[in-house]
Amino acid sequence: MDIATLVLALLLVLLVVALCYALRWVFMRRRGGVSVALRWRPDSDRSGWHLGVGRYRGEEFVWYRVWSLRIGPSRVFRRDTLQIVGRRDPVGTESYAVPTGSRVLRCQPDDEEPIEIAMGPGALTGFLSWLESAPPGRRLPRAS
């Protein structure tokens, strides 16, 4: 096998992978997904933002990382275990790593490390509405 054939095969594989990711993104957005950036271990200097698509699945908010080979969701958050403990605007270079016009929510899932979720105004309104709506008798997560 010569170099040209090897390079062509590699480019073809890269093109197929890029197409799969693009189709995944479009498919998720058309099925009610919203652009969401997520950062776990936000107190660590080395933690960065990861772009993804979030969807509501009953009592769960599921998040699919854009650049992942995983077929299922990368993270799953249950409505009854998620609490907002702070809000802020993106600072510095964060504004380039999160969706346009985002607000950053610092959330505390029960018995887990805090996370930060960044989403634009429309997605944020929907997320807060979903988070605060609950059947009678259920504990509501409170925003600080």
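An account of the accompanying structure is given in this report. (Residues numbered from 1 in each chain as written. Predicted model: local features only at pLDDT ≥ 70, side-chain atom pairs only at ≥ 80, totals over all residues. Heavy atoms only, no water.)

1. So, the packing of aromatic side chains
The following threshold applies: Within 6.5 Å between ring centres, the rings of Phe, Tyr and Trp (the latter by its six-membered ring) count as paired, and their orientation is classed by plane angle as stacked under 30 degrees, edge-to-face over 60, tilted in between. Secondary structure elements are taken from DSSP: a helix is a run of H or I of four residues or more, a strand is a run of E of two residues or more, and numbering for both begins at the N terminus. Burial classification: accessible surface area is computed with a 1.4 Å probe over protein chains only, and a residue below 20% of its type maximum counts as buried, one above 50% as exposed, and the rest as partly exposed.
Per the stated rule, a full pass over the model turns up six aromatic pairs. With centroids separated by 6.2 Å and ring planes inclined at 45°, the aromatic side chains of F61 and W130 adopt a geometry described as tilted. Here F61, found in strand β3 (residues 60-65), pairs with W130, found in helix α3 (residues 121-132); they are 69 residues apart in sequence, far enough to count as distant. Here W130 falls in the buried class, since its relative accessible area comes to 10%. Between the aromatic rings of F127 and W130, the centroid separation amounts to 6.0 Å while the plane-to-plane angle is 35°, which identifies the pairing as tilted. With F127 and W130 both in helix α3 and three residues apart, the pair spans about one turn of that helix. Across this residue pair, the class does not change: F127 and W130 are buried. By way of ring pairs, the aromatic residues Y56, F61, F127 and W130 are connected into one cluster.

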